[in-house]
Amino acid sequence: MMTKSNDPGHDAVDGRTDPRVAPRPEVDRIGGRKLKPATLMMGHGYDPALSEGALKPPIFLTSTFVFPSAAAGKRHFEGVTGKRPGGAEGLVYSRFNGPNQEILEDRLAVWEEAEDALAFSSGMSAIATLFLSMVKPGDTIVHSGPLYAATETLIARILGRFGVHWLDFPAGATRAEIDTVLGKAASGNVALIYLESPANPTNALVDVEAVAASRDAIFANHAAKPPIAIDNTFLGPLWHKPLKQGADIVVYSLTKYAGGHSDLVAGGVLGRKDHIDTIRLMRNTIGTICDPNTAWMLLRSLETLELRMSRAGENAAKVCAFLAEHPKVERVGYLGFLEGGKDERQADIYRRHCTGAGSTFSLYLKGGEAEAFRFLDALRIAKLAVSLGGTETLASHPAGMTHLSVPDARKQALGITDNLVRISIGVEDADDLIADFAQALDAI
Ligand SMILES: *Cc1c(COP(=O)(O)O)cnc(C)c1O
(Lines give C-alpha, C1' and ligand atoms only; values in the text may rest on other atoms or scores of the structure.)
Protein backbone atom coordinates (compact mmCIF):
# COMPACT_ATOMS: atom_id res chain seq x y z
CA MET A 1 0.00 0.00 0.00
CA MET A 2 1.34 3.32 -1.08
CA THR A 3 0.84 5.00 2.24
CA LYS A 4 2.61 2.38 4.29
CA SER A 5 6.19 2.20 5.33
CA ASN A 6 6.34 -1.60 5.09
CA ASP A 7 5.18 -1.62 1.51
CA PRO A 8 7.90 -2.91 -0.84
CA GLY A 9 8.35 -1.18 -4.16
CA HIS A 10 7.02 2.25 -3.32
CA ASP A 11 8.96 5.40 -2.64
CA ALA A 12 7.46 8.81 -2.13
CA VAL A 13 4.22 9.48 -3.96
CA ASP A 14 6.04 11.36 -6.70
CA GLY A 15 9.01 9.01 -6.79
CA ARG A 16 11.40 11.13 -4.74
CA THR A 17 12.52 10.18 -1.28
CA ASP A 18 13.53 12.87 1.15
CA PRO A 19 16.34 11.39 3.27
CA ARG A 20 15.25 13.51 6.27
CA VAL A 21 11.91 11.69 6.36
CA ALA A 22 12.88 8.20 5.22
CA PRO A 23 10.13 5.60 5.82
CA ARG A 24 10.03 4.48 9.44
CA PRO A 25 8.58 1.29 10.84
CA GLU A 26 5.24 1.73 12.47
CA VAL A 27 5.08 1.93 16.28
CA ASP A 28 2.25 -0.09 17.83
CA ARG A 29 4.12 -1.23 20.92
CA ILE A 30 6.52 0.34 23.40
CA GLY A 31 8.43 -2.26 25.36
CA GLY A 32 5.83 -4.86 26.26
CA ARG A 33 3.02 -2.33 26.08
CA LYS A 34 0.50 -2.58 23.28
CA LEU A 35 -0.64 0.92 22.37
CA LYS A 36 -4.31 1.79 22.79
CA PRO A 37 -6.64 2.73 19.90
CA ALA A 38 -6.86 6.34 21.16
CA THR A 39 -3.09 6.63 20.64
CA LEU A 40 -2.97 4.77 17.33
CA MET A 41 -5.64 7.02 15.77
CA MET A 42 -3.03 9.78 15.37
CA GLY A 43 -0.66 7.89 13.09
CA HIS A 44 -1.50 4.26 12.41
CA GLY A 45 -1.36 3.23 8.76
CA TYR A 46 0.19 6.47 7.49
CA ASP A 47 3.85 7.27 6.92
CA PRO A 48 4.53 10.99 6.35
CA ALA A 49 7.73 10.08 4.47
CA LEU A 50 5.60 8.74 1.63
CA SER A 51 3.72 12.05 1.28
CA GLU A 52 6.40 14.78 1.25
CA GLY A 53 6.57 14.74 5.06
CA ALA A 54 2.99 15.96 5.45
CA LEU A 55 1.95 15.35 9.07
CA LYS A 56 -1.59 14.60 7.95
CA PRO A 57 -2.44 12.46 4.93
CA PRO A 58 -3.30 14.50 1.86
CA ILE A 59 -6.64 13.78 0.19
CA PHE A 60 -5.77 11.65 -2.83
CA LEU A 61 -8.09 12.89 -5.56
CA THR A 62 -7.27 10.51 -8.38
CA SER A 63 -9.34 7.91 -10.21
CA THR A 64 -6.43 5.63 -11.08
CA PHE A 65 -2.85 4.75 -10.05
CA VAL A 66 0.27 4.38 -12.19
CA PHE A 67 1.88 0.90 -12.26
CA PRO A 68 5.68 0.77 -11.90
CA SER A 69 5.82 -1.98 -14.58
CA ALA A 70 3.54 -4.15 -16.72
CA ALA A 71 4.28 -7.20 -14.56
CA ALA A 72 3.32 -5.25 -11.42
CA GLY A 73 0.06 -4.27 -13.13
CA LYS A 74 -0.73 -7.93 -13.84
CA ARG A 75 0.01 -8.92 -10.22
CA HIS A 76 -2.27 -6.16 -8.99
CA PHE A 77 -5.15 -7.44 -11.10
CA GLU A 78 -4.59 -11.01 -9.95
CA GLY A 79 -5.15 -9.73 -6.42
CA VAL A 80 -8.10 -7.49 -7.25
CA THR A 81 -9.98 -10.16 -9.20
CA GLY A 82 -9.46 -12.84 -6.58
CA LYS A 83 -7.18 -15.05 -8.76
CA ARG A 84 -4.71 -14.74 -5.92
CA PRO A 85 -6.10 -14.48 -2.35
CA GLY A 86 -5.52 -11.40 -0.23
CA GLY A 87 -6.75 -8.61 -2.51
CA ALA A 88 -4.70 -5.92 -4.19
CA GLU A 89 -1.09 -5.46 -3.11
CA GLY A 90 -1.01 -1.90 -4.29
CA LEU A 91 -3.42 0.69 -5.52
CA VAL A 92 -5.01 0.18 -8.92
CA TYR A 93 -8.24 2.08 -9.49
CA SER A 94 -10.30 4.19 -7.10
CA ARG A 95 -13.43 2.03 -7.25
CA PHE A 96 -11.30 -0.66 -5.54
CA ASN A 97 -9.41 1.46 -3.03
CA GLY A 98 -7.34 4.56 -2.32
CA PRO A 99 -4.78 5.73 0.25
CA ASN A 100 -7.28 7.62 2.43
CA GLN A 101 -9.69 4.68 2.54
CA GLU A 102 -6.88 2.22 3.31
CA ILE A 103 -5.64 4.28 6.26
CA LEU A 104 -9.25 4.53 7.47
CA GLU A 105 -9.73 0.76 7.17
CA ASP A 106 -6.54 0.07 9.14
CA ARG A 107 -7.66 2.43 11.92
CA LEU A 108 -11.21 1.07 12.03
CA ALA A 109 -9.86 -2.46 12.51
CA VAL A 110 -7.75 -1.29 15.49
CA TRP A 111 -10.80 -0.52 17.69
CA GLU A 112 -12.09 -4.08 17.69
CA GLU A 113 -8.77 -5.86 16.99
CA ALA A 114 -10.33 -7.08 13.75
CA GLU A 115 -8.16 -8.84 11.18
CA ASP A 116 -9.34 -6.55 8.40
CA ALA A 117 -11.85 -3.80 7.58
CA LEU A 118 -13.61 -2.14 4.63
CA ALA A 119 -15.00 1.38 4.22
CA PHE A 120 -18.30 2.07 2.42
CA SER A 121 -20.28 5.00 1.05
CA SER A 122 -23.03 4.53 3.70
CA GLY A 123 -24.09 2.15 6.44
CA MET A 124 -26.73 0.75 4.10
CA SER A 125 -24.29 0.23 1.22
CA ALA A 126 -22.07 -1.68 3.68
CA ILE A 127 -25.00 -3.88 4.74
CA ALA A 128 -26.22 -4.38 1.16
CA THR A 129 -22.73 -5.32 -0.03
CA LEU A 130 -22.38 -7.80 2.86
CA PHE A 131 -25.71 -9.45 1.98
CA LEU A 132 -25.03 -9.55 -1.77
CA SER A 133 -21.66 -11.17 -1.17
CA MET A 134 -23.10 -13.92 1.06
CA VAL A 135 -26.55 -14.98 -0.16
CA LYS A 136 -28.01 -16.70 -3.22
CA PRO A 137 -31.59 -17.66 -4.16
CA GLY A 138 -33.05 -20.26 -1.79
CA ASP A 139 -30.76 -19.29 1.13
CA THR A 140 -32.10 -18.14 4.49
CA ILE A 141 -30.95 -15.14 6.55
CA VAL A 142 -31.70 -15.62 10.25
CA HIS A 143 -31.86 -12.28 12.03
CA SER A 144 -32.69 -10.63 15.33
CA GLY A 145 -35.61 -8.21 15.33
CA PRO A 146 -36.32 -5.39 15.13
CA LEU A 147 -33.62 -4.18 12.75
CA TYR A 148 -32.91 -0.72 11.37
CA ALA A 149 -35.92 -0.13 9.09
CA ALA A 150 -33.94 0.02 5.84
CA THR A 151 -32.18 -3.26 6.75
CA GLU A 152 -35.56 -4.95 7.28
CA THR A 153 -36.71 -3.61 3.90
CA LEU A 154 -33.55 -4.85 2.23
CA ILE A 155 -33.97 -8.38 3.60
CA ALA A 156 -37.74 -8.85 3.31
CA ARG A 157 -38.70 -6.80 0.29
CA ILE A 158 -35.59 -6.60 -1.88
CA LEU A 159 -33.66 -9.84 -1.27
CA GLY A 160 -37.08 -11.55 -0.99
CA ARG A 161 -37.65 -10.68 -4.67
CA PHE A 162 -34.54 -12.71 -5.50
CA GLY A 163 -35.73 -15.80 -3.63
CA VAL A 164 -33.88 -15.23 -0.35
CA HIS A 165 -35.82 -16.35 2.76
CA TRP A 166 -35.59 -14.99 6.27
CA LEU A 167 -36.51 -16.02 9.81
CA ASP A 168 -36.20 -13.82 12.89
CA PHE A 169 -36.07 -14.04 16.68
CA PRO A 170 -36.66 -11.15 19.11
CA ALA A 171 -33.52 -9.23 20.11
CA GLY A 172 -33.75 -10.31 23.77
CA ALA A 173 -34.28 -14.03 22.92
CA THR A 174 -32.93 -16.73 25.25
CA ARG A 175 -30.60 -19.54 24.13
CA ALA A 176 -33.61 -21.88 23.92
CA GLU A 177 -35.58 -19.44 21.74
CA ILE A 178 -32.57 -18.89 19.47
CA ASP A 179 -32.06 -22.68 19.21
CA THR A 180 -35.67 -23.12 18.07
CA VAL A 181 -35.42 -20.55 15.27
CA LEU A 182 -31.94 -21.61 14.10
CA GLY A 183 -32.92 -25.30 14.30
CA LYS A 184 -35.91 -24.64 12.05
CA ALA A 185 -33.82 -22.60 9.60
CA ALA A 186 -31.08 -25.27 9.49
CA SER A 187 -33.27 -27.55 7.35
CA GLY A 188 -32.45 -25.11 4.53
CA ASN A 189 -29.16 -23.34 3.74
CA VAL A 190 -28.52 -20.61 6.32
CA ALA A 191 -26.18 -18.17 4.58
CA LEU A 192 -25.89 -15.61 7.35
CA ILE A 193 -26.97 -14.84 10.91
CA TYR A 194 -27.51 -11.09 11.16
CA LEU A 195 -27.91 -9.23 14.46
CA GLU A 196 -28.40 -5.66 15.63
CA SER A 197 -27.72 -4.79 19.26
CA PRO A 198 -29.03 -2.71 20.90
CA ALA A 199 -32.06 -2.77 18.63
CA ASN A 200 -33.55 0.51 17.43
CA PRO A 201 -35.73 1.95 18.97
CA THR A 202 -36.31 -0.60 21.77
CA ASN A 203 -32.67 -0.68 22.96
CA ALA A 204 -33.08 -4.47 23.49
CA LEU A 205 -29.69 -6.20 23.64
CA VAL A 206 -28.91 -9.42 21.74
CA ASP A 207 -27.06 -12.19 23.60
CA VAL A 208 -24.26 -12.61 21.04
CA GLU A 209 -22.58 -15.34 23.13
CA ALA A 210 -25.82 -17.35 23.13
CA VAL A 211 -26.23 -16.88 19.36
CA ALA A 212 -22.64 -18.08 18.77
CA ALA A 213 -23.11 -21.10 21.07
CA SER A 214 -26.40 -21.97 19.37
CA ARG A 215 -24.84 -21.64 15.90
CA ASP A 216 -21.87 -23.81 16.90
CA ALA A 217 -24.13 -26.51 18.35
CA ILE A 218 -26.72 -26.60 15.57
CA PHE A 219 -24.20 -26.50 12.71
CA ALA A 220 -21.63 -28.78 14.41
CA ASN A 221 -22.08 -31.45 11.72
CA HIS A 222 -22.34 -29.09 8.75
CA ALA A 223 -19.42 -28.51 6.39
CA ALA A 224 -19.55 -24.76 7.01
CA LYS A 225 -21.10 -22.72 9.81
CA PRO A 226 -23.00 -19.57 8.80
CA PRO A 227 -21.10 -16.42 9.81
CA ILE A 228 -22.57 -14.14 12.47
CA ALA A 229 -22.67 -10.47 11.47
CA ILE A 230 -23.81 -7.69 13.80
CA ASP A 231 -24.71 -4.02 13.39
CA ASN A 232 -22.70 -2.33 16.16
CA THR A 233 -23.61 1.28 15.30
CA PHE A 234 -25.21 2.20 18.63
CA LEU A 235 -22.53 1.18 21.16
CA GLY A 236 -19.45 0.51 19.06
CA PRO A 237 -16.61 0.65 18.94
CA LEU A 238 -16.13 2.01 22.46
CA TRP A 239 -18.71 0.18 24.59
CA HIS A 240 -19.45 -3.05 22.70
CA LYS A 241 -16.93 -5.26 20.86
CA PRO A 242 -18.97 -8.22 19.55
CA LEU A 243 -16.04 -9.99 17.86
CA LYS A 244 -15.02 -10.84 21.44
CA GLN A 245 -18.43 -12.48 22.06
CA GLY A 246 -18.26 -14.73 18.99
CA ALA A 247 -19.43 -12.56 16.08
CA ASP A 248 -17.43 -12.94 12.86
CA ILE A 249 -18.32 -9.67 11.13
CA VAL A 250 -19.19 -6.23 12.56
CA VAL A 251 -21.11 -3.63 10.56
CA TYR A 252 -21.22 0.13 11.15
CA SER A 253 -23.06 3.16 10.03
CA LEU A 254 -20.03 5.45 10.38
CA THR A 255 -22.49 8.31 9.85
CA LYS A 256 -23.28 8.10 13.57
CA TYR A 257 -20.72 8.02 16.43
CA ALA A 258 -17.66 7.26 14.29
CA GLY A 259 -18.21 10.27 12.01
CA GLY A 260 -19.67 12.01 15.01
CA HIS A 261 -20.27 15.52 13.65
CA SER A 262 -23.44 14.95 11.57
CA ASP A 263 -21.57 16.05 8.46
CA LEU A 264 -20.95 12.85 6.48
CA VAL A 265 -22.54 9.53 5.46
CA ALA A 266 -20.39 6.37 5.46
CA GLY A 267 -20.27 2.73 6.51
CA GLY A 268 -17.77 0.11 7.64
CA VAL A 269 -17.42 -3.65 7.90
CA LEU A 270 -14.77 -5.34 10.06
CA GLY A 271 -13.92 -8.90 10.91
CA ARG A 272 -12.26 -12.13 9.89
CA LYS A 273 -10.03 -11.78 6.86
CA ASP A 274 -11.65 -14.56 4.80
CA HIS A 275 -15.07 -12.94 5.16
CA ILE A 276 -13.69 -9.47 4.45
CA ASP A 277 -12.05 -10.79 1.26
CA THR A 278 -15.44 -12.13 0.09
CA ILE A 279 -17.14 -8.80 0.81
CA ARG A 280 -14.27 -6.85 -0.81
CA LEU A 281 -14.78 -8.72 -4.11
CA MET A 282 -18.44 -7.58 -4.14
CA ARG A 283 -17.46 -4.00 -3.22
CA ASN A 284 -14.88 -3.96 -6.02
CA THR A 285 -17.58 -5.08 -8.45
CA ILE A 286 -20.38 -2.68 -7.49
CA GLY A 287 -18.32 0.29 -6.24
CA THR A 288 -19.80 0.89 -2.79
CA ILE A 289 -16.53 2.25 -1.36
CA CYS A 290 -16.56 5.70 0.30
CA ASP A 291 -14.87 8.63 -1.44
CA PRO A 292 -11.41 9.97 -0.39
CA ASN A 293 -12.77 13.18 1.12
CA THR A 294 -15.20 11.30 3.37
CA ALA A 295 -12.43 8.90 4.38
CA TRP A 296 -10.23 11.86 5.31
CA MET A 297 -13.01 13.41 7.39
CA LEU A 298 -13.46 10.08 9.18
CA LEU A 299 -9.73 9.97 9.98
CA ARG A 300 -10.13 13.36 11.65
CA SER A 301 -13.23 12.08 13.49
CA LEU A 302 -11.51 8.93 14.76
CA GLU A 303 -8.81 11.02 16.47
CA THR A 304 -11.47 12.28 18.91
CA LEU A 305 -13.74 9.22 18.95
CA GLU A 306 -12.93 8.17 22.51
CA LEU A 307 -13.10 11.77 23.81
CA ARG A 308 -16.45 12.41 22.14
CA MET A 309 -18.09 9.13 23.05
CA SER A 310 -16.84 9.29 26.66
CA ARG A 311 -18.22 12.80 27.11
CA ALA A 312 -21.53 11.95 25.41
CA GLY A 313 -21.85 8.87 27.61
CA GLU A 314 -21.19 10.88 30.81
CA ASN A 315 -23.68 13.54 29.70
CA ALA A 316 -26.34 10.92 28.96
CA ALA A 317 -25.92 9.38 32.44
CA LYS A 318 -26.49 12.81 34.07
CA VAL A 319 -29.42 13.74 31.81
CA CYS A 320 -31.11 10.34 32.31
CA ALA A 321 -30.71 10.58 36.10
CA PHE A 322 -32.53 13.94 35.92
CA LEU A 323 -35.27 12.75 33.55
CA ALA A 324 -35.99 9.54 35.49
CA GLU A 325 -36.96 11.56 38.60
CA HIS A 326 -39.14 14.11 36.76
CA PRO A 327 -42.90 13.99 37.49
CA LYS A 328 -43.86 14.42 33.79
CA VAL A 329 -41.75 11.43 32.76
CA GLU A 330 -43.29 7.95 32.69
CA ARG A 331 -40.09 5.99 32.04
CA VAL A 332 -36.57 6.32 30.62
CA GLY A 333 -35.34 3.43 28.43
CA TYR A 334 -31.61 3.82 29.09
CA LEU A 335 -29.22 0.85 29.21
CA GLY A 336 -27.56 2.27 32.31
CA PHE A 337 -30.78 1.69 34.27
CA LEU A 338 -30.96 -2.07 33.59
CA GLU A 339 -31.03 -4.07 36.80
CA GLY A 340 -32.61 -7.19 38.32
CA GLY A 341 -36.31 -8.04 38.38
CA LYS A 342 -38.04 -8.12 35.01
CA ASP A 343 -34.93 -6.70 33.36
CA GLU A 344 -32.64 -9.39 34.77
CA ARG A 345 -31.96 -11.13 31.45
CA GLN A 346 -31.19 -7.84 29.67
CA ALA A 347 -29.09 -6.70 32.64
CA ASP A 348 -27.13 -9.96 32.45
CA ILE A 349 -26.37 -9.46 28.71
CA TYR A 350 -25.40 -5.86 29.44
CA ARG A 351 -22.91 -6.90 32.13
CA ARG A 352 -21.37 -9.61 29.92
CA HIS A 353 -21.23 -7.64 26.63
CA CYS A 354 -21.11 -3.87 27.25
CA THR A 355 -18.69 -1.50 28.96
CA GLY A 356 -20.96 1.56 28.73
CA ALA A 357 -24.60 2.52 28.24
CA GLY A 358 -24.15 4.80 25.24
CA SER A 359 -25.85 8.14 24.76
CA THR A 360 -28.99 7.21 22.80
CA PHE A 361 -32.11 6.37 24.79
CA SER A 362 -35.93 6.37 24.82
CA LEU A 363 -37.90 8.89 26.84
CA TYR A 364 -41.56 7.96 27.56
CA LEU A 365 -43.49 11.06 28.62
CA LYS A 366 -46.75 11.01 30.54
CA GLY A 367 -49.45 11.57 27.90
CA GLY A 368 -49.47 10.97 24.14
CA GLU A 369 -48.50 12.60 20.86
CA ALA A 370 -49.67 16.08 21.89
CA GLU A 371 -47.42 16.06 24.98
CA ALA A 372 -44.49 14.62 23.04
CA PHE A 373 -44.84 17.27 20.31
CA ARG A 374 -45.12 20.10 22.84
CA PHE A 375 -41.94 18.85 24.53
CA LEU A 376 -40.06 18.54 21.21
CA ASP A 377 -41.18 21.97 19.98
CA ALA A 378 -40.07 23.60 23.24
CA LEU A 379 -36.47 22.33 23.13
CA ARG A 380 -33.98 25.17 22.66
CA ILE A 381 -30.56 23.42 22.65
CA ALA A 382 -31.50 19.94 21.43
CA LYS A 383 -32.29 19.94 17.71
CA LEU A 384 -35.32 18.20 16.28
CA ALA A 385 -33.78 15.73 13.81
CA VAL A 386 -33.40 12.00 13.18
CA SER A 387 -29.95 10.34 13.37
CA LEU A 388 -27.67 10.02 16.39
CA GLY A 389 -24.11 9.98 17.62
CA GLY A 390 -23.20 13.55 16.68
CA THR A 391 -21.58 16.23 18.84
CA GLU A 392 -24.99 17.90 19.19
CA THR A 393 -28.02 16.58 21.06
CA LEU A 394 -30.89 15.44 18.81
CA ALA A 395 -34.48 14.49 19.60
CA SER A 396 -37.16 12.88 17.41
CA HIS A 397 -40.57 11.19 17.54
CA PRO A 398 -40.25 7.61 16.17
CA ALA A 399 -44.01 6.91 15.90
CA GLY A 400 -44.50 10.01 13.75
CA MET A 401 -41.18 10.03 11.92
CA THR A 402 -38.75 7.10 11.43
CA HIS A 403 -41.39 4.44 12.19
CA LEU A 404 -44.47 6.17 10.70
CA SER A 405 -45.05 3.40 8.15
CA VAL A 406 -44.74 0.53 10.68
CA PRO A 407 -48.18 -1.15 11.17
CA ASP A 408 -49.89 -0.21 14.47
CA ALA A 409 -49.79 -3.74 15.95
CA ARG A 410 -46.05 -4.00 15.32
CA LYS A 411 -45.52 -0.52 16.78
CA GLN A 412 -47.31 -1.59 19.97
CA ALA A 413 -45.27 -4.81 20.16
CA LEU A 414 -42.04 -2.81 19.85
CA GLY A 415 -43.08 -0.16 22.38
CA ILE A 416 -43.15 2.59 19.73
CA THR A 417 -45.91 4.54 21.42
CA ASP A 418 -47.08 8.11 20.76
CA ASN A 419 -45.48 9.32 24.02
CA LEU A 420 -42.01 8.05 22.99
CA VAL A 421 -39.22 10.53 22.24
CA ARG A 422 -35.82 9.27 21.06
CA ILE A 423 -32.86 11.27 22.26
CA SER A 424 -29.19 11.18 21.26
CA ILE A 425 -27.04 13.15 23.69
CA GLY A 426 -24.06 15.12 22.39
CA VAL A 427 -20.96 16.64 23.96
CA GLU A 428 -22.48 19.94 25.17
CA ASP A 429 -22.35 20.95 28.86
CA ALA A 430 -24.50 18.45 30.78
CA ASP A 431 -26.10 21.07 33.05
CA ASP A 432 -27.08 23.19 30.04
CA LEU A 433 -28.77 20.15 28.53
CA ILE A 434 -30.59 19.45 31.81
CA ALA A 435 -31.78 23.09 31.88
CA ASP A 436 -33.11 22.69 28.33
CA PHE A 437 -34.96 19.44 29.10
CA ALA A 438 -36.34 20.96 32.35
CA GLN A 439 -37.85 23.98 30.56
CA ALA A 440 -39.25 21.77 27.75
CA LEU A 441 -40.91 19.49 30.34
CA ASP A 442 -42.36 22.61 32.04
CA ALA A 443 -43.87 23.61 28.68
CA ILE A 444 -45.98 20.42 28.46
C1 LIG B 1 -28.15 4.85 10.56
C2 LIG B 1 -28.10 3.39 10.73
C3 LIG B 1 -27.90 2.53 9.64
C4 LIG B 1 -27.79 3.04 8.22
O5 LIG B 1 -26.66 3.80 8.04
P6 LIG B 1 -26.53 4.95 6.90
O7 LIG B 1 -25.15 5.46 7.12
O8 LIG B 1 -27.62 5.95 7.14
O9 LIG B 1 -26.71 4.26 5.57
C10 LIG B 1 -27.83 1.17 9.89
N11 LIG B 1 -27.96 0.67 11.13
C12 LIG B 1 -28.16 1.46 12.20
C13 LIG B 1 -28.30 0.85 13.56
C14 LIG B 1 -28.25 2.84 12.05
O15 LIG B 1 -28.47 3.62 13.12
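From a predicted model like this one, the values you see are computed outputs, not experimental measurements. Position numbers for residues start from 1 in each chain and track the written sequence from start to end. Restriction of local features to residues with pLDDT of at least 70 applies here, the model being predicted, together with a cutoff of 80 or more for giving and counting side-chain atom pairs; totals for whole chains, interfaces and linings are based on all residues. Side-chain metrics rest on all non-hydrogen atoms present in the structure, leaving aside hydrogens and water.

Caption draft 1: Up close: the site of the ligand. The environment of the ligand is formed by 13 residues, the closest being M124, D231, S253, T255 and K256. Polar contacts, as used here, are pairs of N or O atoms within 3.5 Å; protein pairs need one atom able to donate a hydrogen and one able to accept it. Residues neighboring in sequence count only if both atoms are side-chain atoms. Taking S253, its side chain carries an N or O atom lying 2.8 Å from an oxygen atom of the ligand. Take K256: an N or O atom from its side chain is 2.7 Å from an oxygen atom of the ligand. If the ligand stood free it would expose 390 Å²; the protein chains cover 92% of that surface. Residue composition of the shell around the ligand, grouped by class: 5 nonpolar, 5 polar and 3 charged. Whether a residue is near a molecule or strand depends on its heavy atoms: it is near if one of them lies within 4 Å of it. Per-residue and other accessible areas follow the Shrake-Rupley method at a 1.4 Å probe size, with only the shown protein chains counted as cover for residues. We call Asp, Glu, Lys and Arg charged. Ala, Val, Leu, Ile, Met, Phe, Trp, Tyr, Cys and Pro are nonpolar, and the rest, Gly among them, are polar.

Caption draft 2: Structural detail: the side chain of D248. Think of it this way: any DSSP run of H or I at least four residues long counts as a helix, any run of E at least two long counts as a strand, and we number them from the N terminus. Within the element layout of this structure, D248 appears in the loop between strand 7 (228-231) and strand 8 (249-253). We call a residue buried when its accessible area falls under 20% of the maximum for its residue type, exposed when it is over 50%, and partly exposed in between, using a 1.4 Å probe and counting protein chains only. For D248, a relative accessible area of 9% corresponds to the buried category. Side-chain polar atoms of D248 contact the backbone nitrogen of I228, separated by 2.8 Å. We call two residues contacting when some pair of their heavy atoms lies within 4.5 Å. Excluding anything up to four places from it in sequence, D248 contacts R215, P226, P227, I228, L243, L270, G271, R272 and H275.

Caption draft 3: Representation of helix 3 (residues 99-112). Among the 14 residues that make up helix 3, 14 are buried, leaving the element largely enclosed by the rest of the structure. Remark: E113 follows helix 3 within two positions and exhibits a positive phi of approximately 50°.

Caption draft 4: Structural detail: the side chain of R280. Within the element layout of this structure, R280 appears in helix 8 (residues 273-286). A residue is classified by how much of its surface remains accessible, and R280, at 13% relative accessible area, is buried. In this structure R280 touches D116, L118 and K273, once residues within four positions along its chain are discounted.

Caption draft 5: Expanded view of the UniProt feature "modified residue: N6-(pyridoxal phosphate)lysine" (unreviewed entry) in the protein. As recorded in UniProt, the sites labelled "modified residue: N6-(pyridoxal phosphate)lysine" (unreviewed entry) are K256. Locating K256 in the fold gives a position in the loop between strand 8 and strand 9 (267-271). Using a relative accessible area of 10% as the deciding quantity, one classes K256 as buried. Apart from the residues within four sequence positions on either side, K256 is in contact with Y148, T233, S387, L388 and G389. UniProt positions are given in the numbering used here, feature names are shortened, and annotations may be inferred rather than shown by experiment.

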